Amino acid sequence: MEMWELMEEMTNNIDGEQEKVLADILSLNAHTEYLQRHGLAGNTDRESFKTRLPVVSYEDIRPDIQRIAGGDRSPILSALPLSHLLCSSGTSGGEKKLLPLVEGDLDRVEMFWRVMDSLMNWHGSGLKQGKTLKFIHVRKECETGAGIAVRYLLTSWYKSGHFLSKHHHYSTTHTSPVASIHCTDTFQSTYSQLLAGLADRLSVVQLSATFALGLLQAIRFLERHYLDLAMDIEKGTVDPRITDKDIRAALETRLTPDPENATHIRKECGCGQWKGIIRRIWPNAQYLEAVATGSMSLYVPVLEFYSDGLPLVSLAYASSECFFGINLNPFCKLEDVTYTIIPNLAYFEFLPVESPENCLQPAELVNLADVQMGKEYEIVVTTYSGLYRYRVGDILRVVSFYNKAPQFKFVCRGNVVLSIDIEKTSEADLQNAVAAAEAAHLIPHNTRVAEFTSYADTSTTPGHYVIYWELSRTTDQTEGFSADYLIGQCCLAIEESFDATYKEVRVYDRSIGPLEIKVVKNGTFDRLMDFAVSNGASVAQYKPPRCVKSDSLLQILDAAVVSAHFSPRPPSWSK
Ligand code: AMP
């Protein structure tokens, strides 16, 4: 059956599919210690599942995971043999987790990619054919004390037999040498992927990365290194900093001296104008593809600037715990992106957001087929790898239906919350407030927020919110830009955007002080990423934290502050 027909069938029978998946997971894992511990006793029906199994977070299953990591091969969570452990990026929600990957999980990942490919073939049938310049980086794998391999999901996929068996086909559809993908040195990997993508630039019809930030980093790398890259293109050589023998071998077969191409690259990159650089270097590119929703939406304007408005397709919603869904309307506007959950990947339940106090009441959870239009939920998964009723931490809103399948807008990560008193400010609240302040006070002065994060500073009395900003200018004109005044206005605009509870505690109770924006030097967020990477985070899966809690990150930020600004007055509030 064509992948597309399979999706049609599944989305028409969402509840039946889910019931089947649950029974499959529970019968397969009936003898695991976890299900026995909770008295499931081989029952595979929803009723027993919902009444006997608790809703859990990572902390609840950490002891079980630690046993698996410690080398206990008994069926603790899943009866399926463990392939290795996955390491979640831990950079968005702050906590890094180890998660089991079992035999068969990568088959589900492959099925997910195939649905996406078939969808893109369908929607892109009128587009030019050519190659994809996809920036991918794997990380060095490590081992637990008991010798169990720990990998990032993307590393796991790009090192798997599933991917490697298509190795030869890859070079006909993508410009990056597989050796570059497999190189764990970020400089060598990025340089060589760009070099190959520049040498073959007229074949490139699509540029892509897992996350929008990955695409942006690649273009910024081009800004810094285009002269060296152009030199290699001109001479058909490979820069001596590329010491990986496999990469050199792969590039040497692809490069021949091409002075004309080098002249074009130097001219376009050296003209001092980076607007539209993607179109000028890759004139046949028709769209960009990368996750651009949630925290990645911050990078959309700058990608639009670099690509001069090429469509940006945000296709997949996935995590290390589980792959969730895809955007069935890939060329829609970014604000309209929704993800349709693929119902045979796992069993999905939804915790209504409006009842946080009852969060852990298992009966409160709603089935995939029963979610209601307009409502927000936290997604909870039960997977083949042995996560049962596990809270992923993401909040989604139901905005439409495809056949019988609900389509979700990604709202935010639920656990990134600033709070000093009774107010709770979510990642989405913060992102919207920053966007509103930027639109009102910075964009008119050719300035944008390139990166931000936040911190609830309780060392002052009263405590107050601190927002760290890295700014970028869209032109060199600085006329009329009075930083102190405008950023003070931004502080106020952010406070005006927050909800009534924030304003009440800020204005009436005065238990929160004026919001502060600390502007940091350019490059500070790169240093935050370098710090995360040096502590083992994956470059490809990295998502900057929108709220920092760690002292080490705060030290990096505070050491880079160039100016600090406060709200000049309290926001408007009426009882
Ligand atoms: P990781 O911890 O590296 O496995 O990252 C998984 C997390 O990335 C998810 O739980 C989401 O919070 C975020 N994420 C993944 N895909 C998307 C998407 N399409 N839109 C917004 N956020 C996403």
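Please refer to the structure placed before this passage.
Criteria and thresholds
Residues numbered from 1 in each chain as written. Predicted model: local features only at pLDDT ≥ 70, side-chain atom pairs only at ≥ 80, totals over all residues. Heavy atoms only, no water. Near = heavy atom within 4 Å. Polar contact = N/O pair within 3.5 Å; in protein donor to acceptor, adjacent residues only side chain to side chain. Areas by Shrake-Rupley, 256 points an atom, 1.4 Å probe, with all protein chains shown as cover. Helix = DSSP H or I, 4+ residues; strand = E, 2+ residues; numbered from the N terminus. Nonpolar A, V, L, I, M, F, W, Y, C, P; charged D, E, K, R; others polar. Buried < 20%, exposed > 50% of the residue type's maximum accessible area, 1.4 Å probe, protein only. Contact = heavy atoms within 4.5 Å. Pairing = 2+ DSSP bridges. Axes fitted to C-alpha atoms, helices over the stretch in contact; angles between N-to-C directions. Parallel < 35°, antiparallel > 145°, perpendicular 65-115°, else oblique. 1 Å grid on protein atoms, 1.4 Å probe; cavity = no way out; pocket = protein on both sides within 12 Å on 5 of 7 lines; lining within 4 Å. Points joined across faces, edges and corners; volume = space filled by probe spheres on them.

> An account of the site of the ligand is requested, with residue identities and associated values reported.
The environment of the ligand is formed by 17 residues, the closest being Thr293, Ala316, Ser320, Asp394 and Gln541. Between an oxygen atom of the ligand and a side-chain N or O atom of Ser320, the distance comes to 2.6 Å. With respect to the ligand, the side chain of Asp394 contributes an N or O atom lying 2.7 Å from an oxygen atom. For the ligand, whose free accessible area comes to 500 Å², the fraction covered by protein is 95%. When contributions to the shell around the ligand are tallied by element, the ones reaching two or more residues are strand E9 (316-318), strand E15 (390-402) and strand E16 (405-413). No other element matches E9, which puts three residues into the shell around the ligand. Here the residues of the shell around the ligand are counted per class, giving seven nonpolar, seven polar and three charged.

> With reference to specific residues and values, describe helix H19 (residues 500-508).
Within H19, the full set of buried residues consists of Tyr502, Lys503, Val505 and Arg506. Lining the buried residues of H19 we find strand E18 (425-426), strand E20 (464-473) and helix H18 (483-497). Remark: Arg510 follows H19 within two positions and exhibits a positive phi of approximately 55 degrees.

> Which residues make up the pairing of strand E12 (residues 347-352), and what are the values?
Regular strands have side chains that alternate between both faces of the sheet. Burial within E12 is extensive, with six of its six residues counted as buried. Burial along E12 is two-sided: Tyr347, Glu349 and Leu351 and Phe348, Phe350 and Pro352, pointing in opposite directions, are all buried. Here E12 runs beside strand E14 (residues 376-382); their pairing, made up of six bridges, is antiparallel. Across the sheet, Phe350 pairs through a bridge with Ile379, a residue of E14. Pairing geometry for E12 and strand E13 (residues 366-367), over two bridges, is antiparallel. Bridge pairing in E13 places Glu349 opposite Asn367.

> Residues and numbers for the packing of helix H1 (residues 3-12) against helix H6 (residues 105-123), please.
Between two packed helices, the angle of one axis relative to the other and the distance separating the axes together describe the packing. Two elements in contact, H1 and H6, have axes separated by 8 Å at closest approach and are oriented at 105 degrees. Our classification of the angle between H1 and H6 gives roughly perpendicular. Listed contacts from H6 to Met3, Trp4, Leu6, Met7 and Met10 of H1 are Met111, Arg114, Val115, Ser118 and Leu119. Tallied by class, the residues present in the contact of H1 with H6 amount to eight nonpolar, one polar and one charged.

> Which residues make up empty space enclosed by the protein, and what values go with them?
One pass over the full model with this rule turns up two cavities of 30 Å³ or more. Taken together, 19 residues line the largest cavity, and the ones lying closest to its centre are Asp105, Ser320, Glu321, Cys322 and Phe323. Contributing elements (two or more residues each) for the lining of the largest cavity: strand E2 (98-102) and H6. A class-by-class count of the residues in the lining of the largest cavity yields twelve nonpolar, four polar and three charged. Reported here for the second largest cavity is a volume of approximately 30 Å³. Lining the second largest cavity are His137, Val138, Arg139, Cys183, Thr184, Thr186, Ser189 and Val539. For the lining of the second largest cavity, the per-class residue count stands at three nonpolar, four polar and one charged.

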